[in-house]
Every structure is written in C-alpha cells, then in structure tokens.
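# Summary of structural features
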Amino acid sequence: MKTIFVQFKCRPGKAYEVADELVQAVEEISEVYSTSGQYDLIAKFYLDDSRDIGHFVTERLQVMDGVADTFTLVAFKPFL
C-alpha cells in the first residue's frame, strides 16, 4: 500500500465543495483537512502498490471541478 498526501489549491470559494467531493467520490481517501498557506486543502490517500500515482492524481484529482492546482507528496515510512 502506498500513502500519498495531496495539497489542493482551489478556485475562489470552492474549497468546501472540493473537500465534500473528495470525501463522497474518492474511495482511496483517508482524510482531508482545510489548511492555511499556499494551498487550501490537504488530503491523505492510500493506493494499492500496483496503482500509478501520476495517473491517479492527474486523471482523478486534478480534473475535479474547483481544483486549480495540486502538489503531491509520497510518504515512505510512518512513525507511530
């Protein structure tokens, strides 16, 4: 299982709609938070090892209505 974090820059006034759509429509999502700074949201996703991260982000997330930009981070090891 691969863990990725994706930050979303949303079009003005669309952050809550994008967050709702992520939760409702993307089964790979674990959690989503509103954030301060350059990006409006950050979301955590779990992908199967066979899943291509680039295709998931560009074909599933970046095309969502209200998304203006994304920034993706790949996580390696969780520390508990």
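Here the structure is shown first, and the text comes after it.
First, a word on what this report is: a plain description of the structure on this page. These numbers come from a predicted model, not from an experiment.

## A few points about the overall build of the protein chain
Check the secondary structure of the protein chain and you find two helices and four strands. Along the protein chain, from the amino end to the carboxyl end, the secondary structure elements read β-α-β-β-α-β. For the protein chain, the C-alpha radius of gyration of 12 Å lies close to 12 Å, the compact-globule estimate for 80 residues. Counting only C-alpha atoms, the protein chain reaches 35 × 25 × 20 Å along its principal axes. Residues counted as buried form 34% of the 80 residues belonging to the protein chain. Sequence separation of 24 or more characterises 67% of the internal contacts of the protein chain that already satisfy a separation of 6 or more. A total accessible area of about 5,400 Å² is found for the protein chain, and carbon and sulfur atoms account for 51% of it.

What counts and how
Within each chain, residues carry numbers counting from 1 in the order of the written sequence. With pLDDT at 70 or above as the cut-off, local features in this predicted model cover only qualifying residues; side-chain atom pairs require 80 or more to be listed or tallied, and sums for whole chains, interfaces and linings still use all residues. As a convention, hydrogens and water are excluded, and side-chain values are obtained from all of the structure's heavy atoms. Strands here are runs of E lasting at least two residues and helices are runs of H or I lasting at least four, both read from the DSSP assignment and numbered beginning at the N terminus. Here the radius of gyration uses the C-alpha set of atoms, whereas the globule reference equals 2.2 Å times the residue count to the power 0.38. Three exposure classes are used, based on accessible area relative to the maximum for each residue type with a 1.4 Å probe and protein chains only: buried under 20%, partly exposed in between, and exposed over 50%. Residues count as neighbours in contact if any of their non-hydrogen atoms are within 4.5 Å of one another. Here the accessible surface of atoms and residues is derived via Shrake-Rupley with a 1.4 Å probe, and residues count as covered only by protein chains that are part of the display.

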